[in-house]
Amino acid sequence: MSYQVESVLNAQAHLGECAIWSEREQAFYWVDILAPALNRFDPATGENRAYPMPAHIGCFGLRENGGFIVALRNGIFLTDADGNIEKQVGDNPTEHSKSRFNDGHVDLHGNFWAGTIWEPRDHKGGKLVRVKPTGECEVMAGDVLVSNGLAFSPDGKWMFHTDTPNHVLYRYPLDADGNIGEREVLREFERGTGGRPDGAAFDSEGYYWTAMFDGGRVLRIHPETGETVDEIKLPVRWPTMVAFGGADLKTLYITSSRENRSAEELAEYPLSGNVFAVRVNVAGRPEPLYRG
């Protein structure tokens with residue numbers, strides 16, 4: 001079908017990421033990793049508020065009792081509702097001079113998951129950690145260059161995870177307690193102009209939506225076959241993550257990047273770094289809250 005994509009926030013972010021809709025506030029949260037800042041965008045007023053962070057912020061989760069859990073370059077922290085750090089609950093499991101946290105999400109059990117990227121790119125040094133509501137932090141997976149695309153199926157049976165520069169979409173089975181089993185490759189994306197799988201979200205029908213970085217599009221992917229069943233073309237080449245929002249959860253918000261882009265590239269794609277919104281036919285699902 002044909003989609004109408006609108007630039008709803010002229011953010012011009014260096015590296016927009018971690019798109020999350022707060023159902024409780026009817027507001028859209030996102031990060032600019034390199035600013036570094038956590039942001040709150042109110043679609044009703046068009047106002048965006050930035051919460052500066054002391055280090056690169058890869059991702060965050062909304063807390064059940066208010067405030068945030070944030071994954072910064074050097075560790076994972078709890079903050080209050082204004083983004084002020086209260087205490088540390090986890091470490092970056094890799095050397096943070098060469099690694100930072102990247103993509104993350106809260107699962108259906110109220111745990112916060114966050115993955116790292118290995119910046120030298122000389123081996124698959126990225127890790128994926130889980131922070132339980134008790135504050136216990138443990139490494140759950142690894143063997144990726146860039147941990148990305150983390151999302152949990154609405155039936156609670158699968159965790160999806162991508163390695164962006166390696167063009168791979170993995171899935172892990174989940175048991176009743178939310179622990180992961182052995183991973184399997186669901187899809188290896190073709191290399192070329194189609195882009196690489198970046199941040200993602202599941203819709204209420206169990207399909208996986210991923211932003212294709214360097215591909216200028218968002219794909220809706222079948223959760224069993226890995227095949228593309230729908231596509232949204234974008235006015236930017238470097239989308240980074242998606243989130244379902246709005247009162248009916250049928251507005252897809254999309255973050256994007258302008259990091260390391262040349263003047264010529266930015267002239268061709270002047271909206272790079274903005275936040276976009278598009279109405280879709282299927283609803284998402286409410287964002288789970290971290291219970292710690």
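Residues numbered from 1 in each chain as written. Predicted model: local features only at pLDDT ≥ 70, side-chain atom pairs only at ≥ 80, totals over all residues. Heavy atoms only, no water.

Draft legend 1. Looking closely at the environment of D248. Tracing the chain through its elements places D248 in the loop between β22 (239–245) and β23 (251–256). When the C-alpha positions of D248 and N10 are compared, they lie 24 Å apart, and in sequence the two are 238 residues distant. Each residue touching D248, except ones within four places of it in the same chain, is listed here: R279 and A283. (Helix = DSSP H or I, 4+ residues; strand = E, 2+ residues; numbered from the N terminus. Contact = heavy atoms within 4.5 Å.)

Draft legend 2. A look at the sheet that holds strand β21 (residues 228–233). Strand order across the open sheet formed by four strands is β18-β19-β20-β21, with antiparallel pairing between neighbours. Where the open sheet ends on each side, the last strands, each with one partner, are β18 (196–202) and β21. When the angles between neighbouring strand axes are averaged without regard to direction, this sheet yields 25 degrees. (Pairing = 2+ DSSP bridges. Axes fitted to C-alpha atoms, helices over the stretch in contact; angles between N-to-C directions.)

Draft legend 3. Summary view of the pattern of salt bridges. Evaluation of the coordinates by the stated rule reveals 19 salt bridges. A salt bridge links R49 to D82; the shortest N-O distance between them is 3.2 Å. Highlighted residues: R49 in strand β5 (residues 47–52) and D82 in the loop between β8 (75–79) and β9 (85–91), separated in sequence by 33 residues. Assessed through its relative accessible area of 40%, R49 is described here as partly exposed. For D82, a relative accessible area of 42% gives the class partly exposed. The shortest N-O distance in the salt bridge between E190 and R187 comes to 3.8 Å. The class for E190 is partly exposed, based on a relative accessible area of 44%. When salt bridges that share partners are traced, they join R130, K132, E136 and E138 into one network. (Salt bridge = Lys/Arg side-chain N within 4 Å of Asp/Glu carboxyl O. Buried < 20%, exposed > 50% of the residue type's maximum accessible area, 1.4 Å probe, protein only.)

Draft legend 4. Local environment of the pairing of β23. Judged by how many residues are buried, β23 sits mostly within the fold: six of six residues are covered. Neither face of β23 is open: one carries T251, Y253 and T255, the other L252, I254 and S256, and all of them are buried. Strand direction decides the pairing type here: β22 and β23, joined by six bridges, are antiparallel. Bridge pairing links F244 to L252 in β23. Two elements, β23 and strand β24 (residues 275–279), share four bridges in a ladder whose sense is antiparallel. Residue pairing across strands places Y253 opposite A277, the latter belonging to β24.

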